[in-house]
Amino acid sequence: MDRQVKFTRLSRAVLEANYDWTIVRIDAAGGLYGLGEAYMGPGLTTILDELRPLVLGADAAQIEQIVRKLRGCTVHASPGVCFHAIAGIEAALWDLLGKAWRQPVWKLLGGQFRQRVRVYADCHAGDALDSMNAVLQSRTPFWTGARDNAPAAVSLKHHGWNPAETHFPPPDRYRTRAREMANRGFTALKFDADIPTPLPTDNYNRSLRREEIDFVLERLRAVRAEIGPGVDLAVDCHWNYATPDAIQLGRALGELDLLWLEDPVPPESVRQLRTVQNSVPMPIATGENHYLLTDFLRLLDEGGVRLLAPDIQKIGALDLKALSRLADAMATSLTIHNISGPIGTVFSAHVCATIPNFLALEWHGASVPFFDHLCGAPIDRGFIPLTDAPGLGITLNEDTARRYAKPGEEFF
Ligand SMILES: [Mg+2]
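These numbers were taken from a predicted model, which means no experiment stands behind them.

## Some words on the pairing of strand β10 (residues 333-336)
No. 1: Across two bridges, strand β9 (residues 307-308) lies against β10 in parallel orientation. Residue pairing in the sheet places Leu 308 in a bridge with Leu 334 of β10.
No. 2: Handedness of the β-α-β unit built from β9, helix α10 (residues 312-329) and β10 comes out right-handed.
No. 3: Relative to strand β11 (residues 358-363), β10 runs parallel, the two being bridged by three bridges. Of the residues in β11, the one forming a bridge with Ile 336 is Leu 361.

In structure tokens, the structure reads:
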């Protein structure tokens, strides 16, 4: 077997889905290629183009070395979107190497603790397709046929909602989505707490009035009543609240027996996270906004959070594995943040299989009509089964990818 896998081409495509799914493709001699996905971000494709000449001709077996080089070349910039691009390249290298060596990615990453990976369904506010561009502005995807594709302003306090919204999600919408997902076999669900209410509020400060908490509680109670105690329930706050308001919310939600309460305060407010964690009954989860192992260490040590939620399309598999060991040594589990399409989701599943302290992998694709058509339906009754197929074990349907490719972007 030829141990060297020199790659000759790096290309990408962007699909317009619930978010921009940016797929990285790396070709090697002999017709082999690997696919990875990078977390969206403004300027991402330009960064991929800038990084291309730094990696062409490298040996795909030298993944740690390549990642270190790319991070070294971008260290003068803030990690952010540069790390997204590097994570997409890293993932494509794992897929390519697996295909070249005829091994599944999970085996290259050290072997598996589990043969199938538990997925939790993110249900937002129980709504239908919610699509946002790279700067979190609401959009109507071009393929819906809607004529006006101009972004509508969204409220950041009420995650992703148009401030002009006058229709508020009724408890039945939460209940119906919960039933649908439980019937599909999911054993864990997540809903948003930061939804608009008809109650007067300030759209910029971080306050929560008791009436607003009761409005959210009514909807989450409907979910818990529908799914019973056998399905786990988590709640996301998207970094919105001030410390005392977050504590009041967390205490009010205590009756729901939550798996976790996610991002109640801004992600950089590490000491405030500790205050909230020490004041509410459920674990606080955070981590999707962080990039560096030193930042995660602060969350564990100073923040005292009981659950870390890193994103593999941001930090890559190698750092995720390192973080897993760090967290495990501090008796902490990982729940994996994920808003990617099927390629990123399957890659995350391979990584999740190889770490001991894994809790659940996020999935946002329920409202994307082509999620299961891009490379086969990866999720079976709430789990992603992993096989011995080389690389990621998936084949991209290029016709489907082309149909939903974002206008104006390169397509491989
Ligand atoms: Mg979140």
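## A few points about the pattern of salt bridges
No. 1: This structure, assessed with the given rule, holds 25 salt bridges.
No. 2: The salt bridge partner of Asp 20 is Arg 139, with a shortest N-O separation of 2.8 Å. Residue Asp 20 is located in strand β2 (residues 20-28), and its partner Arg 139 is located in the loop between β4 (116-122) and α5 (171-183); the two are separated by 119 residues in the primary sequence. Arg 139 carries the same exposure label as Asp 20, and that label is buried.
No. 3: Residues Glu 262 and Lys 190 are paired through a salt bridge, measuring 2.9 Å at the closest nitrogen-oxygen approach. Residue Glu 262 is found in strand β7 (residues 260-262), and its partner Lys 190 is found in strand β5 (residues 188-192); the two are separated by 72 residues along the sequence.
No. 4: The class of Glu 262 is buried, set by a relative accessible area of 2%.
No. 5: Classification of Lys 190 by relative accessible area gives buried; the value is 0%.
No. 6: One salt-bridge network, held together by shared partners, links Arg 12, Asp 49, Arg 52, Glu 409 and Glu 410.

## A word on the domain arrangement of the protein
A common way to express how large an interface is: the accessible area buried when the components associate.
No. 1: Under the domain assignment used here, the protein contains domain 1 (7-102 + 399-403) and domain 2 (116-393).
No. 2: Each of domain 1 and domain 2 was reduced to a C-alpha centroid, and the two centroids are 25 Å apart.
No. 3: Taken together, the contact between domain 1 and domain 2 spans 35 residues of the former and 44 residues of the latter.
No. 4: Buried area between domain 1 and domain 2, both sides added, is near 3,200 Å², and the carbon and sulfur share of it is 65%.
No. 5: Along the contact surface separating domain 1 from domain 2 lie two salt bridges.
No. 6: When the shortest N-O distance is used, the salt bridge between Arg 71 and Asp 319 registers 2.7 Å.

## Description of the coordination of the magnesium ion
No. 1: Ligation of the magnesium ion by protein atoms is provided by Asp 236 (OD), Glu 262 (OE) and Glu 288 (OE), these donors lying 2.0 to 2.2 Å from the ion.
No. 2: For the magnesium ion, the donor residues sit on a single chain with the sequence spacing D-x25-E-x25-E. One end of the pair, Asp 236, is in strand β6 (residues 232-236); the other, Glu 262, is in strand β7, and 26 residues separate them in sequence. Both residues of the pair, Asp 236 and Glu 262, count as buried.

## Description of the packing of aromatic side chains
No. 1: Summed over the entire model, instances satisfying the criterion amount to eleven aromatic pairs.
No. 2: Seen in terms of ring centroids, Phe 83 and Tyr 291 are 5.9 Å apart; in terms of plane orientation they differ by 90°. Their pairing is edge-to-face. Remark: Tyr 291 occurs in the loop between β8 (284-286) and α9 (293-301) and Phe 83 occurs in helix α3 (residues 80-101); sequence separation between them is 208 residues.
No. 3: A relative accessible area of 8% means that Phe 83 is categorised as buried.
No. 4: Seen from their ring centres, Trp 143 and Phe 370 are 5.4 Å apart, and the 85° between their planes marks the pair as edge-to-face.

## Section: the environment of Phe 358
No. 1: Looking at the element boundaries, Phe 358 is found in strand β11.
No. 2: According to the relative accessible area criterion, Phe 358 is buried, its value standing at 11%.
No. 3: In this structure the C-alpha to C-alpha distance between Phe 358 and Thr 332, which are 26 residues apart in sequence, comes to 9.3 Å.
No. 4: In contact with Phe 358, not counting residues within four places along its chain, are Arg 114, Val 117, Arg 118, Leu 334, Ile 336 and Cys 352.

## Points about the sheet that holds strand β1 (residues 7-16)
No. 1: Reading across from one edge, β1-β2-β3 is the order of the three strands in this open sheet, with antiparallel pairing throughout. In this open sheet, the two strands that pair with only one neighbour each are β1 and β3 (33-38). Neighbour to neighbour, the strand axes of the sheet diverge by 20° on average, direction disregarded.
No. 2: Packed on one face of the sheet, α3 meets β1, β2 and β3 and runs near 150° to β3.

Thresholds applied
- Along each chain, residues carry numbers from 1 onward, in the same order as the chain's sequence is written.
- Local features in this predicted model are restricted to residues whose pLDDT is 70 or higher, and side-chain atom pairs enter the listing and the counts only when it is 80 or higher, whereas totals over whole chains, interfaces and linings include all residues.
- Side-chain calculation: all heavy atoms of the structure are included, whereas hydrogens and water are not.
- Only strands that DSSP links by at least two bridges are regarded as paired with each other.
- Numbering of helices and strands runs from the N terminus, with a helix taken as a DSSP run of H or I at least four residues long and a strand as a DSSP run of E at least two residues long.
- The crossover handedness rule: strands pointing away from the viewer, path from first strand over the helix to second strand clockwise, crossover right-handed.
- Any Lys or Arg side-chain nitrogen found within 4 Å of a carboxyl oxygen on Asp or Glu counts as a salt bridge.
- Only protein chains enter the accessibility calculation, which uses a 1.4 Å probe; a residue is then buried when its area is under 20% of its type maximum, exposed when over 50%, and partly exposed in between.
- Residue ranges for the domains trace back to a domain assignment, done automatically or taken from a database.
- Should any heavy atoms of two residues lie within 4.5 Å, those residues are considered in contact.
- The term buried area denotes the loss of accessible surface (1.4 Å probe radius) that occurs when two parts are joined, taken as the sum for both partners.
- A donor here means any N, O or S atom no more than 2.8 Å from the metal (3.2 Å for Na, K and Ca); water is not included, so a site may seem to lack partners.
- Aromatic rings from Phe, Tyr and Trp, with only the six-membered ring used for Trp, were paired whenever their centres fell within 6.5 Å, and each pair was classed as stacked if the ring planes differed by under 30 degrees, edge-to-face if by over 60, and tilted otherwise.
- Here an axis means a line fitted to C-alpha atoms, over the contact stretch when the element is a helix, while the angle between two N-to-C directions is reported on a 0 to 180 degree scale.

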